[in-house]
Amino acid sequence: MKWETRRHARVKTTTGYIWLLAVMVPNTAFPGPTFEGLGDLPGGFCESEAWGISEDGITVAGWSWSGDPDLGDGPLGFEAMRWDRDTGIQGLGGLPGRPDSRALDVAASGTVVVGWARWANNTSESRAFRWTDVEGMTDLGVFSSDVGFSIAAAVSSDGNTVVGWAREGTSGVWQAFRWRHSTGMQHLTGMPSSPASVASDISADSNVIVGRVGNEPYRWTEDLGPEFLGVIDDVFAETREGVFVSGDGSTIVGSAVEAGTIEPRIGFRWTRAEGFVLLPLPSFARGVHPQAVSYDGSVVVGYTVDDNEYYWVRPFIWDNATGIRNLKDVLIQEYGLCEVAAWSLGYGRGVSADGRSIVGAGVNPDGNGEAWLARLPEPGAAILLADLDGDDAVDLDDFLEPDACLCGPDATPQSCPPEAFADLDCDGDQDLADFARFQVEFTGGM
Ligand SMILES: [Ca+2]
Ligand SMILES: [Ca+2]
Ligand SMILES: [Ca+2]
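Participant: Describe the sheet that holds strand β25 (residues 299-306), and please don't skip the residues or the numbers.
Facilitator: Taken together, the four strands give an open sheet; going across it, the order is β24-β25-β26-β27, and neighbouring strands pair in antiparallel fashion. Single-partner strands in this sheet number two, and they are β24 (285-293) and β27 (323-326). Across the sheet, the mean angle separating the axes of adjacent strands is 35 degrees when strand polarity is ignored. Strand direction decides the pairing type here: β25 and strand β26 (residues 313-319), joined by seven bridges, are antiparallel. Bridge pairing in β26 links V301 to I317.

Participant: How would you explain the layout of surface pockets if you had to name every residue and give the values?
Facilitator: Counted as a void, the largest pocket has a volume near 980 Å³. In terms of lining, the largest pocket is formed by 45 residues, of which the most central are L104, A153, S200, F244 and Q291. Elements with a contribution of two residues or more to the lining of the largest pocket: β4 (48-53), β8 (100-106), β12 (148-155), β16 (197-202), β20 (244-245), β24 and β28 (344-351). When the residues that make up the lining of the largest pocket are grouped by side-chain class, the tally is 24 nonpolar, 13 polar and eight charged.

Participant: Can you break down the coordination of the calcium ion (ligand 1) residue by residue, with the values?
Facilitator: For the calcium ion (ligand 1), every protein donor is listed as D40 (OD), D40 (OD), L41 (O), G43 (O), F45 (O) and W65 (O), and the spread of their distances is 2.3 to 2.7 Å. The site at the calcium ion (ligand 1) holds six donor atoms, and with the angles between them running 50 to 170 degrees, its shape is irregular. When the donors of the calcium ion (ligand 1) are listed by position in the chain, the intervening gaps give D-L-x1-G-x1-F-x19-W. A relative accessible area of 24% means that D40 is categorised as partly exposed.

Participant: Which residues make up unusual backbone geometry, and what values do they have?
Facilitator: Each neighbour pair has its own omega, and for S194 with P195 the value is 5 degrees, a cis peptide bond. Within the secondary structure, P195 is located in the loop between β15 (184-187) and β16. The omega torsion across E263 and P264 is -10 degrees, close enough to zero to call that bond cis. Assignment of secondary structure puts P264 in the loop between β21 (251-256) and β22 (266-271). Phi at F143 is positive, roughly 45 degrees, even though this residue is not glycine. Inspection of the secondary structure puts F143 in the loop between β11 (136-139) and β12. Its identity is not glycine, yet D392 carries a phi of approximately 65 degrees, on the positive side. Here D392 shows up in the loop between β30 (369-375) and α2 (402-405).

Participant: Residue-level account of the side chain of R130, with values.
Facilitator: Looking at the secondary structure, you find R130 in strand β10 (residues 127-132). It is E135 that comes nearest to the buried, bridge-free R130 among opposite-charge side chains, at 4.0 Å. Polar side-chain contacts of R130 include one of 3.0 Å to the backbone oxygen of G159.

Participant: Would you mind going over the pattern of salt bridges in detail, with residue names and values included?
Facilitator: Applying the stated criterion across every chain yields a total of 17 salt bridges. When the shortest N-O distance is used, the salt bridge between D84 and R82 registers 2.9 Å. Here E125 and R127 are joined by a salt bridge, their closest N and O atoms 3.7 Å apart. Take E125: its relative accessible area is 17%, and that puts it in the buried class.

Participant: Tell me about a nonpolar patch on the surface, residues and numbers included.
Facilitator: Together, L396, F399 and F442 make up an exposed nonpolar region whose accessible area comes to about 260 Å². Structurally, F442 is set in the segment after α3 (432-441). Classification of F442 by relative accessible area gives partly exposed; the value is 37%.

Participant: Please provide a residue-by-residue account of the pairing of β26, values included.
Facilitator: By the criterion of burial, β26 is predominantly enclosed, with six of the seven residues buried. Strand direction decides the pairing type here: β26 and β27, joined by four bridges, are antiparallel. Bridging across to β27, F316 finds its partner in N326. In sequence, β26 turns back onto β27 through a hairpin of three residues.

Calculation rules
- In every chain, residue numbers begin from 1 and rise along the written sequence.
- Note on labels: chains are lettered from A, ligands numbered from 1, in written order.
- Side-chain atom pairs in this predicted model are given and counted only at pLDDT of 80 or more, local residue features only at pLDDT of at least 70, and totals for whole chains, interfaces and linings cover all residues.
- The side-chain figures draw on all heavy atoms in the structure; neither hydrogens nor water molecules are used.
- Here, strands pair whenever DSSP counts at least two bridges between them.
- Where helices and strands are cited, they refer to DSSP runs of H or I of at least four residues and of E of at least two residues respectively, numbered from the N terminus.
- An axis is simply a line fitted to the C-alpha atoms; with a helix, the fit covers only the stretch in contact. Between two such axes, the angle follows the N-to-C directions and lies from 0 to 180 degrees.
- A pocket here means an open set of points on a 1 Å grid, computed over the protein atoms alone, that has protein on both sides within 12 Å along at least five of seven lines. A cavity is instead a set of points where a 1.4 Å probe fits but cannot get out; residues with an atom within 4 Å of a point line either one.
- Grid points are joined across faces, edges and corners, and a volume is the space filled by probe spheres set on the points.
- Only Asp, Glu, Lys and Arg are considered charged in this grouping, and only Ala, Val, Leu, Ile, Met, Phe, Trp, Tyr, Cys and Pro are considered nonpolar; every other residue, Gly among them, is considered polar.
- Water is absent from the atoms considered, so a metal site may look incomplete; donors are defined as N, O and S atoms within 2.8 Å of the metal, or 3.2 Å for Na, K and Ca.
- In these descriptions, tetrahedral denotes four donors with every angle between 85 and 135 degrees, square planar four donors and octahedral six donors with opposite donors over 155 degrees apart and the rest between 65 and 115, and irregular any other case.
- Under the scheme applied here, a residue whose accessible area is under 20% of the maximum for its type counts as buried, over 50% as exposed, and between as partly exposed, the area being computed with a 1.4 Å probe on protein chains only.
- Neither His nor the chain termini are counted; the positive set is Lys and Arg, and the negative set is Asp and Glu.
- For salt bridges, the criterion is a side-chain nitrogen of Lys or Arg within 4 Å of an Asp or Glu carboxyl oxygen.
- Counted as a polar contact is a pair of N or O atoms within 3.5 Å, where, for protein atoms, one must be capable of donating a hydrogen and the other of accepting one, and residues adjacent in sequence contribute only when both atoms are in side chains.
- Residues with no salt bridge and a relative accessible area higher than 30% make up the patches, which join like charges within 9 Å and nonpolar side chains (Val, Leu, Ile, Met, Phe, Trp, Tyr) within 5 Å.
- Using a 1.4 Å probe, the Shrake-Rupley method yields the accessible areas, and only the shown protein chains count as cover for residues.

Purely geometric stuff here, so don't read any function into it on its own.
Quick look at the structure:
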């Protein structure tokens, strides 16, 4: 028998069913599927957001409210956070004089986090920070002077190279930067001084940096300098947002719009072999915003903006076989994670190297904004929602008390024991739709 974690597993005995709280083992760190909210820092509003996840899927970075906002003089009370399973959500503090902070990315070891910090009433003086578990939070400065604005957007796998953008002095043009221990903050060699540029992501080995110059994506390497990737599409020609790179440096993703517009917004994916390929707009969306890509470029995550309701956003997951799918539908319909049904998942923001751990920020069942983490099973893993007794077969042992529990659409079963309630599509009832899933998965026998 192949063991794995099953949240709903139980075994049948002569006297009833015993729930198995944790049936474990094997070789994968995160068997999945699982979904969890990541909590909130004490103090201030009850709200958190996740923006980045380490390549190994262990550590999450983002921010949470930890202080009451001072709407007169500031600060506003938000604080960069780091999360892992062992420590839970942990505040990272702020910079001296800039207590409001937000984290955007985390290195592979989980011990280096980057983002920005500011003082509420001096927003032009936001500063890129690099936090380590040894040194705490350090101000990365602004090129050569101590006046200006900077944001750290991404960090290499080893934590030693940081990229972002900065504006020197009190005016001027945004410029992409690379920061390293040995050099401090530097311009990317070969980049034009105008128009404005940003560096929004970096490959795992730090050799490939991506971003945009004006509205054009670029790919920068130490040897070649910037490679400007040109017009994205005849119609959707420009990008206005960050672009993101796979860990291996091969694949770049972002969003494209027609010149001079902001919508509709189409996702794109670039590789050396194929150039730009647009990600088709799903029927329910008018905007696709890719935000992260797995190590080999095979999985893209981000969020869509709905066609009908303004600013109604949903996380998506893309792969070449299935195209863009609503992540909430995947979690419920394919993996049976019924607890997701009461969430509004909102924004997908980050993905692990293997494409299976995804983070974002939405609204939890209590109505509070909360960071979340979804873990998907290995590709091809058999997910049998109707296998209620966890024996890797869907047979008549899983067809429980149909008289009491099969009660028709929208009716909640009242007289059947909870463990016999097989709501396989997570809509609160046990009806013929659930029975249809049972039939599909039926393997026969007893
Ligand atoms: Ca709080
Ligand atoms: Ca079974
Ligand atoms: Ca149902």
